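Structure assessment
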Amino acid sequence: MGEFLDGSTDRRLAARLSELRRERGLTLDELAARSGVSRSALSRLERAEISPTAAQLGRLGTVYGLTTSRLLAEVEREPPQLLRADQQPVWRDEATGFTRRSLSPPHPGLRAELIEATLLAGAAIDYDAPPVAGLEHHLWLLAGALEITVEGHPHTLAPGDCLRYRLWGASRFHCAGPVPARYALAVVLP
């Protein structure tokens, strides 16, 4: 499961997930059917008994029309204009070997954000659909090798390569190894 480095953010995320479900008038069963996340997992997520995985956050974001970063930004404290390296929020999904550092978190009035991510060798993350149709990505591979499949089209990246795309359907990030893939990702709302 994923987790923030401070437990209070996990609790705020749990409360926000519960609030989003109630705002939309969904029962746990209805949300489970729409998201593909089990009812029991949803219940435990909302009570902060477990932290969500990257895939679970992606599925919930799709139901709510929010990117994972926007969802996480809603529970992170308001960032200052200058965010020092030691102040950048870091989130880890131990189950998939994914680490996400929010270099330039989402901010009201801004459409773009910048993320540094690391995917361990052998790890893969599958997203069924984008949280926002037409979401723009600019992915620059810094180290390792990464295969990204966008709507059924695979792209193999080497260090220094940049892949630009809009998300309309499923996507997959896979690091075959032998070393972790480290990349910068610019995400721009349509």
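Since we're looking at a predicted model, the values are computed, not measured.

Things to note about the packing of aromatic side chains
Tallying each qualifying case throughout the model produces 3 aromatic pairs. For the ring pair tryptophan 91 and phenylalanine 98, a centre distance of 6.5 Å and an interplane angle of 65° mean the geometry is edge-to-face. Residues tryptophan 91 and phenylalanine 98 agree in their burial class; the two are buried. Seen in terms of ring centroids, phenylalanine 173 and tyrosine 183 are 6.1 Å apart; in terms of plane orientation they differ by 20°. Their pairing is stacked. With phenylalanine 173 in strand 10 (residues 171-174) and tyrosine 183 in strand 11 (residues 181-188), this residue pair connects regions lying 10 residues apart in the sequence. One aromatic cluster in this structure is built from Tyr127, Phe173 and Tyr183.

Quick look at the pattern of salt bridges
Tallying each qualifying case throughout the model produces 12 salt bridges. The residue arginine 24 makes a salt bridge to glutamate 23 at a minimum N-O spacing of 3.6 Å. Salt bridges sharing partners connect three or more residues here, namely Arg16, Glu19, Glu23 and Arg24.

Section: the pairing of strand 2 (residues 90-93)
Two elements, strand 2 and strand 3 (residues 98-104), share 4 bridges in a ladder whose sense is antiparallel. In the strand pairing of strand 3, valine 90 is matched with arginine 101. Hairpin connection from strand 2 to strand 3: 4 residues lie between these consecutive antiparallel strands, with glycine 97 at a positive phi of about 75°.

As for the nonpolar core
Formed by 45 residues in total, the largest nonpolar core has its most connected members in Leu139, Leu146, Ile148, Phe173 and Tyr183. Setting aside residues up to four positions removed in sequence, leucine 139 forms contacts with Leu146, Ile148, Leu157, Asp161, Cys162, Leu163, Tyr165, Phe173, Tyr183, Ala184 and Leu185.

A word on unusual backbone geometry
The step from glycine 177 to proline 178 runs through a cis peptide bond, and the omega angle for that step is 10°. Positive phi, normally seen in glycine, also occurs at alanine 48, with a value near 60°. One non-glycine residue, glutamate 151, lies in the positive phi region at around 50°. Checked against the element boundaries, glutamate 151 lands in the loop between strand 7 (146-150) and strand 8 (153-157).

Description of helix 2 (residues 28-35)
Of the positions making up helix 2, those classed as buried are Leu28, Leu31, Ala32 and Ser35. Each buried residue of helix 2 lies within a common arc of 105° when the element is viewed along its axis, so the set occupies one face. Facing away from the buried side of helix 2, by more than 90 degrees, are the exposed residues Ala33 and Arg34. The first or second residue beyond helix 2 is glycine 36, which carries a positive phi of 80°.

Structural notes on the pairing of strand 3
Judged from the 6 bridges that link them, strand 3 and strand 4 (residues 112-119) form a sheet pairing that is antiparallel. Following the sheet pairing, arginine 101 is matched in strand 4 by glutamate 116.

Quick word on the sheet that holds strand 5 (residues 124-127)
Spatial strand order, 5-10-7-8: 4 strands in an open sheet with antiparallel pairing. If you trace the sheet from one side to the other, it starts and ends with strand 5 and strand 8, each paired once. Averaged over all adjacent pairs, the angle separating strand axes in this sheet is 10°, with direction ignored. Bridge count for strand 7 against strand 8 is 5 bridges, and the pairing is antiparallel. In the sheet register, glutamate 147 faces strand 8, and the bridge partner there is threonine 156.

Focus: the state of the cysteines
Inspection of every chain in the model, using the stated rule, returns 0 disulfides. Cysteine 162 forms no disulfide, and the closest cysteine sulfur to it belongs to cysteine 175, at a distance of 18 Å.

Regarding helix 4 (residues 54-64)
When you tally the buried positions in helix 4, you get 8 out of 11 residues, the bulk of the element. Inspection of helix 4 places Ala54, Ala55, Gln56, Leu57, Gly58, Leu60, Gly61 and Tyr64 among the buried residues, and these make up the whole buried set. Count one or two residues on from helix 4 and you reach glycine 65, which has phi positive near 70°.

Cut-off values and rules
- Residues numbered from 1 in each chain as written.
- Predicted model: local features only at pLDDT ≥ 70, side-chain atom pairs only at ≥ 80, totals over all residues.
- Heavy atoms only, no water.
- Phe/Tyr/Trp six-rings, centres within 6.5 Å; stacked < 30°, edge-to-face > 60°.
- Buried < 20%, exposed > 50% of the residue type's maximum accessible area, 1.4 Å probe, protein only.
- Helix = DSSP H or I, 4+ residues; strand = E, 2+ residues; numbered from the N terminus.
- Salt bridge = Lys/Arg side-chain N within 4 Å of Asp/Glu carboxyl O.
- Pairing = 2+ DSSP bridges.
- Core = buried A, V, L, I, M, F, W, Y, C linked by side-chain atoms within 4.5 Å.
- Contact = heavy atoms within 4.5 Å.
- Arc of directions from axis to C-beta.
- Axes fitted to C-alpha atoms, helices over the stretch in contact; angles between N-to-C directions.
- Disulfide = S-S within 2.5 Å.

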